[in-house]
Structure formats: structure tokens, C-alpha cells
Amino acid sequence: MVKGDRWKMIRVIRDGEYNFTTMFNDKTGEYIRAFDVEEDPFMAEYPHLIDVGLMGNCAHGKSGLCMKAGIKCYQDGLHSDNPNMKLEDYKKIIDWSKERLFEIALGGCGDPDMHENFEEVLKYTRDNGIIPNFTTSGLGMTPEKAALCKKYCGAVAVSQYSRLDMRADLALRRVHSEDKKKVYKSEEDIPVLFTLGGLNEDCKWDEPCYKINGLDYSWDETHHMYYGEDKQEYEFYKVYNEVQKPNYTMKAIKMLLDAGVKTNIHYVLSNSTIDEAILRVKYNGFPKGVNAVVFLLHKPVGLGDYEDVLRLDDPRVKEFFELVDNHRTPFKIGFDSCSIPAVVRWSKHIDTCSVDTCEGSRFSMYIAADMTALPCSFDNQDQKYAVKLSDEVTIKDAWESPEFNKFRDCLRYSCKGCSKRELCMGGCPLVNDIVLCDNKEREFYGG
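If you're wondering where the values come from, they're calculated on a predicted model, not measured in any experiment.

Participant: Quick one: what's the story with the packing of aromatic side chains, residue by residue and with numbers?
Facilitator: Under the counting rule described, the total for this entry stands at 17 aromatic pairs. Ring geometry for Tyr267 versus Phe295: centroids 5.9 Å apart, planes at 70°, classification edge-to-face. Linking Tyr267 in strand β13 (residues 263-269) with Phe295 in strand β14 (residues 292-297), this pair joins segments that are 28 residues apart in sequence. No difference in accessibility class separates Tyr267 from Phe295, as the two residues are buried. Pairwise contacts between aromatic rings join Tyr267, Phe286, Phe295, Phe320, Phe321, Phe331, Phe335 and Trp346 into one cluster. One Lys or Arg, Arg280, reaches over the ring of Phe286 and ends 5.4 Å from the middle of that ring. Against the face of Trp399 rests Arg408, its NZ or CZ located 5.0 Å from the ring centre.

Next up, the structure:
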């Protein structure tokens, strides 16, 4: 135990096999790897984070709400109907991992807060010195569950879905006007730039309805205004008013924040959501009070398709990552490891010591509801690298298995000639088409 002003409580684990130390702050979630050599260790002797797929089925997905929101679930929650993880199996994971692990991420095909043993799962995890965190759609969140999260969890992430792609007729469009009369003198004078029901304090407001060049606009429409020599151009986005007409997502965020839970937002970046992602970052369009927004790269797995995969030559991709690099927001911004090639490519102000590429089979693993261990949850459909856990086959056995080593080899041997290899290691071993990189040295090793 280490004590200090900033780190009131640090837990330390020494990796004897690879000769480095990890430190974790239970209060803040800060995680540090300290090593005595110049290069960051390639892997650990035991996973530092285990993503436990507690749920085998998804009430949210089966209801069609994911598809309605434009989210193509990589776990195929629309059709999956497997049993949830048994409590005794979950306890076995914790028993194997206590004193070797700082935190557990709960997930799977569904919302962990809808598991039949939700409270027991959280309590058993925390009682054994491991911090539980989880992601939810918010569909089944209640004030009582939010109180449990405050008592046991480090943080809770709520999946927030795009509003632009729900209705094609209200998606991004531009209106040109030849009327030279300027109702507003500049972009700064427009009453609503981007808003979610007034949560953005930087927005300027007047009446709930207002006019631009004689046209009426309701107050939940968002506008950009451009001035040219002979015309004005209005670019506007219609967004669902998430506060005046709160949905289950916004209600869950409010419950968690009201309970004092450190609350993050998970937002999937795809071809159909990136327009709104740019707006939300540019105009602070996320609920006030959230700790961080973590952007997750869309993958063509499960219900996901290639049509929504981001393309390197799409100017919006460059715009988004440069915006994140240069724009200050009242919330922290994070990315999943799958996005690191793009972060490396377009970010000039992000300290590369704070990012890490794919951690699957290196520092993290996934365990499905049926106790199948995988290097990454995105192998949940093909299960190319699967190892079935049992009383005879432990997490440590899976970690050292030929299947996990084969996954590691993709990261060990890809892009050997690239000067930035250590930062991204070739990107995703499962779906290399999502890697946002076109360096001439790129050479994926498929194992």
C-alpha cells in the first residue's frame, strides 16, 4: 500500500514473469505500469482487466430498440437467447483472480444490471478486493440499482445512441437562400448552436421558436450559418430533444449522476453516426456532469456490417480526430483500443504514453456467459481463439494456451517495418479492415 496526497490509496501488483509493476488507485481508477526497461512490456503474466460477459441474452436488443437507434449489435442481441452466467461460475472467476486483478468489466449480450443476481455479483466482486464496472443501455436502470452502483462500482458507462440516423428525412441537409438580409449578424448570434434541452451552458437562447429569413424553426433544431458574398447557407441537424422528452438512456444517466456514480458515456463511431459525433464534441452536446465520453469503433461483427465501417479516405474521419485533438470539452474523451491507429495518425497533442493498442491476450481477456475465454469479445461469433474454462482449465491456463498465443502473434509480427509499430502493432487481429491506417509499411500478419 502506498499513500500520498494525490494517491490516497494505491494497490500494487508485481509481475514476476515480465519484470514490471502495476499500480491502481481504487478511488480514481488511475492505472499505471512502471517498468525498468525502455520498452513497455508486451504482455502480463495474468490479465489486468477481465471483461466478463455476464449476460447471455438482451431484453434491450430483443425489443428492437438497438436497431431502431441504428446500432448493429456485435453480440447479435436481437437474436441471441442464451442463459446468463451462473452466479457460481462468476464467483469462480473472482476466486481465480483475487489478488491478481484490480478491476472487472461486466458486459456480455445485454445489460448487466438486468442480471438476476446483479447485487450479489457486485458485492462478491468488491468483497474480494476487485472493482466492478459495467456498461448498460439504461433500459432497466432504477434508483435502487443506481444506489448499488454507488456502493460497489468504480464507474458505470451508459450507451448513448445517435439521433441523426433514426429518420432519414430529418438527417443532415443544407438549405441555400439568396436572400441577403442577415437576420443574425454572425454565427455567434444564432440562439441555438447545439443543444440537448438546454444542458449546454454555452448556448445562447431566446424564444422557444424563432425565425431565420422568414422561416419558422422549432427550438430543438440545430443550425450552422455560413455567409457568402451572394448567399447565406444554413446547415442544420434535427435532433431528438433528449431532455424535454427524456428516453430511458437520459433517465439512466440522470439516476446515476443523482446517486453520485462516476458516469461515462459509450458512443459508437460509424459511417452513420460520425456527423453527430462531430457536432456533439464541437458543441459539448453530451449531458452535463458526465465524467467521460468513450468513443468505440464500429466493427462488422454480429449484426454489424461493412457499410457502417469508417473509411480512411472519408474527410469526416480526419475532421473528427483532429477536432478531438484540438478542442477542449468539459468532459474527458477516451477511445477503445481499436481506434488507436487513427489517434496515432491524426493526434499531435495526445501523449502517446497515455494510449495503448489492442490489449487482447496481452493485458485483457473476455469470458462469455458460458465460460468460454477469448482474447477479445469481438471473437464471440467465430470463436477462432476460444478456450473453454472448467474446474480443470483455469484463466491462467487459457492465458497461456496456444489459442491466445496465436492471437498475440498477430500483434507481435504485424507491420515490422513501421516506425510507429509499437503504438498500434498492426491494429485489430480479428477484423483488420477496420484499421484506419494506410502507411506503406503496413503488413498484417494473420497468424
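Participant: Please set out the sheet that holds strand β3 (residues 31-35) residue by residue, giving values where relevant.
Facilitator: Pairing is antiparallel across the open sheet formed by three strands, whose spatial order is β1-β2-β3. The sheet is open, and its two borders are formed by β1 (10-15) and β3, each paired with just one other strand. Across the sheet, the mean angle separating the axes of adjacent strands is 20° when strand polarity is ignored. Pairing analysis gives five bridges linking strand β2 (residues 20-25) to β3, with the strands arranged antiparallel. Residue pairing across strands places Phe20 opposite Phe35, the latter belonging to β3.

Participant: Which residues make up unusual backbone geometry, and what values do they have?
Facilitator: For Asp76, which is not glycine, the phi torsion reads 55° and is therefore positive. For Asp76, the location among the structural elements is in the loop between α2 (65-68) and α3 (87-97). Given a relative accessible area of 17%, Asp76 falls into the buried group.

Participant: Please provide a residue-by-residue account of the environment of Lys388, values included.
Facilitator: With respect to the helices, strands and loops of the structure, Lys388 is situated in strand β18 (residues 387-388). Sequence separation between Lys388 and Ile367 is 21 residues; the distance between their C-alpha atoms is 9.2 Å. Once residues within four sequence positions are removed from consideration, Lys388 is found in contact with Asp370, Met371, Thr372 and Val393. At 2.4 Å, the side chain of Lys388 forms a polar contact with the backbone oxygen of Asp370.

Calculation notes
Residues numbered from 1 in each chain as written. Predicted model: local features only at pLDDT ≥ 70, side-chain atom pairs only at ≥ 80, totals over all residues. Heavy atoms only, no water. Phe/Tyr/Trp six-rings, centres within 6.5 Å; stacked < 30°, edge-to-face > 60°. Helix = DSSP H or I, 4+ residues; strand = E, 2+ residues; numbered from the N terminus. Buried < 20%, exposed > 50% of the residue type's maximum accessible area, 1.4 Å probe, protein only. Lys NZ or Arg CZ within 6 Å of the ring centre and 35° of its normal. Pairing = 2+ DSSP bridges. Axes fitted to C-alpha atoms, helices over the stretch in contact; angles between N-to-C directions. Contact = heavy atoms within 4.5 Å. Polar contact = N/O pair within 3.5 Å; in protein donor to acceptor, adjacent residues only side chain to side chain.

What is shown is where atoms sit, not what they do.
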